[in-house]
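If you want the building blocks of each chain, they are given just below.
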Amino acid sequence: MAKILFVVSAASYWTLKDGTRHPTGYWAEEFAAPYRAVTGAGHEVVVATPRGTVPYVDSMSLRPAMAGSAEIALELEEILRTAEELRRPIELADARLDDYDAVYYPGGHGPMEDLWRDADSGRLLIAALASGKPLAIVCHAPVAILATRRDGRSPFEGYRVSAFTNDEEDGVGLRVKAPWTAEDELVKLGVDYVKGETWKPFTVVDRNLYTGQNPASAGPLAEEFLKVLK
């Protein structure tokens, strides 16, 4: 069975362009759906965060209206409650790619605060891409790719990548408040940014890089990279 590193934001807020702090963290579905899929298939999960901070779930993601229904919200809460790995993360700086068979980054707005400029995450992403091991990133988490820039260039340039869209940011009322958006900055970075229908599952596979557009894409993304795990 495989051992999978889940790299999760340690941020509890996102600093908006007016300097105010928008409460956030990781998005429940984006952790829970892949976690359930990979552990259900018998694989092991290790959670890593900056400084080993116990990650914060975005409370909005557990509201029935955002989760899809009260029943789904309760299911997500139960998965998070029983996922002991969330309570004992390792420090991202100590994560060694050689110890893992795959790497996965869930989103939420948290990565917009910390992972986009985290040097340890940047080094891990560069190594993971070069290794050929499955590297899966969803929703806002592809902004972590911005930390792979060296002298203005990134090894992710030219890769097909999906991430949370400007239209979806408009849909949650945060594009106008954001200092920048995932879509805009990834396009500037030089990836081949692609997107599907707003709020619908949309995943992209380019070599060993697996990306998904939004929360609904997290489960399908996990199913994609599970196909190549032993």
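Use the structure listed above.
Residues numbered from 1 in each chain as written. Predicted model: local features only at pLDDT ≥ 70, side-chain atom pairs only at ≥ 80, totals over all residues. Heavy atoms only, no water.

Enquirer: Help me out: how do you make sense of the pairing of strand E6 (residues 102-105) in this one?
Expert: Along any regular strand the residues' side chains alternate between the sheet's two faces. Alternating residues of E6 divide into Ala-102 and Tyr-104 and Val-103 and Tyr-105, and every residue in both groups is buried. Of the strand pairs in this sheet, strand E1 (residues 3-7) and E6 are connected by 3 bridges, and their pairing is parallel. Bridge assignment links Ile-4 to a residue of E6, and that residue is Ala-102. Across 3 bridges, the pairing between E6 and strand E7 (residues 135-138) is parallel. Among the inter-strand pairings, Tyr-104 is bridged to a residue of E7, identified as Ala-136. Of the crossover connections in this fold, the one passing from E6 over helix H4 (residues 119-131) to the parallel E7 is right-handed. (Buried < 20%, exposed > 50% of the residue type's maximum accessible area, 1.4 Å probe, protein only. Helix = DSSP H or I, 4+ residues; strand = E, 2+ residues; numbered from the N terminus. Pairing = 2+ DSSP bridges. Right-handed = clockwise from strand over helix to strand, strands pointing away.)

Enquirer: Can you walk me through the environment of Ala-163 in this structure?
Expert: Checked against the element boundaries, Ala-163 lands in the loop between strand E8 (160-161) and helix H5 (166-171). Through-space distance from the C-alpha of Ala-163 to that of Ala-182 is 6.8 Å; in sequence the pair is 19 residues apart. Among all residues touching Ala-163, those that are not within four sequence positions of it are Cys-139, Pro-142, Leu-186, Tyr-193, Val-194, Gly-212 and Gln-213. (Contact = heavy atoms within 4.5 Å.)

Enquirer: Would you mind showing me how to read unusual backbone geometry here?
Expert: The general pattern is negative phi for most residues beyond glycine and trans for most peptide bonds. The backbone of Asp-151 sits at a positive phi, close to 55°, despite the residue not being glycine. Position of Asp-151 relative to the elements: it lies in the loop between E7 and E8. You can call Asp-151 exposed: its relative accessible area is 84%. The phi dihedral of Trp-199 falls on the positive side, at around 70°, and the residue is not glycine. Tracing the sequence through the fold places Trp-199 in the loop between strand E9 (192-193) and strand E10 (203-206).

Enquirer: Before we go on, may I ask you to explain helix H7 (residues 218-226) in this structure?
Expert: In an α-helix, one turn spans 3.6 residues, which is why side chains three or four residues apart end up on the same side. Buried within H7 are the following residues: Ala-218, Gly-219, Leu-221, Ala-222, Phe-225 and Leu-226. Taken end-on, H7 shows its buried residues confined to a sector of 160°, consistent with a single buried face. Tucked into the core, H7 has its buried residues touching E1, helix H1 (28-40), E6, E7, E10 and strand E11 (209-212). (Arc of directions from axis to C-beta.)

Enquirer: I tried to follow the pattern of salt bridges on my own but got confused; where do I start?
Expert: Using the criterion set out here, one finds 12 salt bridges in the structure. A salt bridge links Arg-81 to Glu-78; its shortest N-O distance comes to 2.7 Å. With Arg-81 and Glu-78 both in helix H3 (residues 70-82) and 3 residues apart, the pair spans about one turn of that helix. Notably, a salt bridge pairs Glu-224 with Lys-227, separated by 3.3 Å at the nearest N-O pair. (Salt bridge = Lys/Arg side-chain N within 4 Å of Asp/Glu carboxyl O.)

Enquirer: Can you walk me through the sheet that holds strand E5 (residues 90-91) in this structure?
Expert: Neighbouring strands of a sheet are bound in pairs by backbone hydrogen bonds; such pairs are parallel or else antiparallel. Spatially, the 7 strands line up as an open sheet ordered E5-E4-E1-E6-E7-E11-E10, and their pairing is mixed. Edge strands, defined here as strands with exactly one partner in the open sheet, are E5 and E10. Bridge analysis of strand E4 (residues 44-49) against E5 gives 2 bridges, and the strand direction is parallel. Directly across from Ala-48, in E5, lies its bridge partner Ile-90. Strands in contact with H4 are E1, E6, E7 and E11; relative to E6, the strand with the most contacts, it is inclined by about 135°. (Axes fitted to C-alpha atoms, helices over the stretch in contact; angles between N-to-C directions.)

Enquirer: Explanation requested: the packing of H1 against H7 in the structure shown.
Expert: For any two helices packed against each other, one specifies the inter-axial angle together with the distance between the axes. Running from N to C, H1 and H7 point in directions that differ by 35°, and their axes come no closer than 8 Å. Remark: the crossing between H1 and H7 carries right-handed chirality. When H1 is examined against H7, the residues Glu-29, Glu-30, Ala-33, Pro-34, Ala-37 and Val-38 are found in contact with a partner set consisting of Ala-218, Gly-219, Ala-222, Glu-223, Phe-225 and Leu-226. When its residues are assigned to classes, the contact of H1 with H7 shows 8 nonpolar, 1 polar and 3 charged. (Left-handed = near helix turned anticlockwise from the far one by under 90°. Nonpolar A, V, L, I, M, F, W, Y, C, P; charged D, E, K, R; others polar.)

Enquirer: Before we go on, may I ask you to explain the environment of Val-47 in this structure?
Expert: For Val-47, the location among the structural elements is in strand E4. With residues near it in sequence (within four places) discarded, Val-47 still touches Phe-6, Val-8, Phe-31, Glu-85, Leu-86, Pro-89 and Ile-90.

Enquirer: Help me out: how do you make sense of the nonpolar core in this one?
Expert: A general trend in soluble globular proteins is that nonpolar side chains are found buried together. Judged by nonpolar contacts, the single largest core of 38 residues is most densely connected at Leu-5, Val-103, Tyr-105 and Leu-135. At the level of elements, E1, E4, E6, H4, E7 and helix H6 (182-189) are the ones that each hand at least two residues to this core. Of all the elements, H4 adds the most residues to this core, at 4 residues. Not counting residues within four places of it along the chain, the set of residues in contact with Tyr-105 comprises Val-7, Leu-115, Ser-121, Leu-124, Leu-125, Leu-135, Ala-136, Ile-137, Val-138, Ala-141 and Ala-144. Among the nonpolar cores identified, the runner-up in size contains 34 residues, and Val-8, Leu-62, Ala-73 and Phe-225 belong to it. (Core = buried A, V, L, I, M, F, W, Y, C linked by side-chain atoms within 4.5 Å.)

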